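This is what each chain is made of:
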Amino acid sequence: MTSQVQATRAPAAASVVTKAVLRAAEQLRVSNSVLGKVIGVSEPTLSRMRTKDLPLSERSKEFELALLFIRLYRSLDSIVGGEAEVAAAWLRNDNRALGGKPLEQIQTIPGLMNVIAYLDSRRAVV
C-alpha cells in the first residue's frame, strides 16, 4: 500500500470513529461530561470534535476507549432491538449482576471492560 493511500485512509478512519462515538453517546443520552470521562477527553475537546470535525488520533488512548464505547453501544443496541430509550434507561438503572449503574461504572476503564463483557455474554446466550 502506498503512503499516499495510507495517508488518505487514516484520517477517514479517525473521522468515522469520532463521528460514531459522538452518535452513540447521543443515542444513549450520555452527556459530554460523562463521555469525556469514558474516553478521556475534556468537554471543550468534545465540543470541538462536534463543531469543528476534530477527529481523535488513531494512535491515542482516547481512540481506543472510543472504540470500546462504540462496542458497548453496538452490543446494547443489539440486545434491546434498536430501542434507544430502552438502551438509555438500561445504562441508568441499577444492575444486580454488575453491582451498580452501568453509566457510573463505564467511567473507569475496568468498569467499561466489565460492562462490555457483561453485554457480550448476554448477546451470546442461545
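Residues numbered from 1 in each chain as written. Predicted model: local features only at pLDDT ≥ 70, side-chain atom pairs only at ≥ 80, totals over all residues. Heavy atoms only, no water.

Participant: Explain the overall build of the chain here, please?
Facilitator: Across its full length, the chain holds seven helices and zero strands. Helices and strands appear in the chain in the N-to-C order α-α-α-α-α-α-α. Counting only residues that meet the buried cut, the chain has 38% of its 126 residues in that class. When contacts within the chain are restricted to residue pairs at least 6 apart in sequence, those whose partners lie at least 24 apart make up 60%. (Helix = DSSP H or I, 4+ residues; strand = E, 2+ residues; numbered from the N terminus. Buried < 20%, exposed > 50% of the residue type's maximum accessible area, 1.4 Å probe, protein only. Contact = heavy atoms within 4.5 Å.)

Participant: What exactly am I supposed to notice about the side chain of Asn95 here?
Facilitator: With respect to the helices and strands, the residue Asn95 is situated in the loop between helix H5 (84-92) and helix H6 (102-105). Looking at Asn95, its side chain comes within polar contact range of the main-chain nitrogen of Ala97, at 2.9 Å. Apart from residues lying up to four places away in sequence, Asn95 is in contact with Trp90, Gly100, Pro102 and Tyr118. (Polar contact = N/O pair within 3.5 Å; in protein donor to acceptor, adjacent residues only side chain to side chain.)

Participant: Explain the confidence of the model for the chain here, please?
Facilitator: If pLDDT is low for a region, its predicted coordinates should not be looked at in detail. Chain-level statistics for the chain give a pLDDT mean of 89 and a share of 89% at 70 or above. In the model, residues 1-8 has pLDDT below 50 throughout and makes two contacts with residues more than four positions away in sequence or in other chains. (pLDDT = per-residue confidence, 0-100.)

Participant: Is there a simple way to think about the packing of helix H2 (residues 32-39) against helix H4 (residues 61-79) in this case?
Facilitator: Packed helix pairs are specified by the crossing angle of their axes together with the interaxial distance, meaning the distance between the axes. Following both chains from N to C, one finds H2 and H4 inclined at 115°, their axes separated by 8 Å at the closest point. Looking at the two axes, H2 sits roughly perpendicular to H4. Contacts between H2 and H4 involve Leu35, Val38 and Ile39 from the former and Glu62, Leu65, Ala66 and Phe69 from the latter. Looking at the contact of H2 with H4 residue by residue, the class counts come to six nonpolar, no polar and one charged. (Axes fitted to C-alpha atoms, helices over the stretch in contact; angles between N-to-C directions. Parallel < 35°, antiparallel > 145°, perpendicular 65-115°, else oblique. Nonpolar A, V, L, I, M, F, W, Y, C, P; charged D, E, K, R; others polar.)

Participant: Even after reading the chapter, I still don't get the pattern of salt bridges, so can you show me in this structure?
Facilitator: Close approach of charged atoms allows side chains of opposite charge to pair. Applying the stated criterion to the full structure yields four salt bridges. Residue Arg23 is joined to Glu26 by a salt bridge in which the shortest nitrogen-to-oxygen separation is 2.9 Å. Pair noted here: Arg23 and Glu26 are both in helix H1 (residues 3-27), with a separation of three residues, about one helical turn. Look at Glu26 and you get partly exposed, because its relative accessible area is 49%. Of the charged contacts in the structure, one is a salt bridge between Glu64 and Lys61, with a shortest N-O distance of 3.7 Å. Placement of the pair is Glu64 and Lys61 together in helix H4, with a separation of three residues, close to one helical turn. Residue Glu64 is classed as partly exposed on the basis of its relative accessible area, which comes to 42%. (Salt bridge = Lys/Arg side-chain N within 4 Å of Asp/Glu carboxyl O.)

Participant: Is there a simple way to think about helix H7 (residues 109-123) in this case?
Facilitator: Turn by turn, an α-helix covers 3.6 residues, leaving residues three or four places apart pointing in a common direction. Helix length check: H7, at 15 residues, gives a terminal C-alpha distance of 21 Å against a target of 21 Å (1.5 Å per residue), a fit within 8%. Those residues of H7 that sit buried are Gly111, Leu112, Val115, Ile116 and Leu119. Seen along its axis, H7 keeps its buried residues to an arc of 135°; they face one direction. On the buried face of H7, the contacting elements are H2, H4, H5 and H6. The opening residue of H7 is Thr108, an N-cap whose side-chain oxygen sits 3.1 Å from the backbone nitrogen of Gly111. (Expected span 1.5 Å × (residues − 1). Arc of directions from axis to C-beta.)

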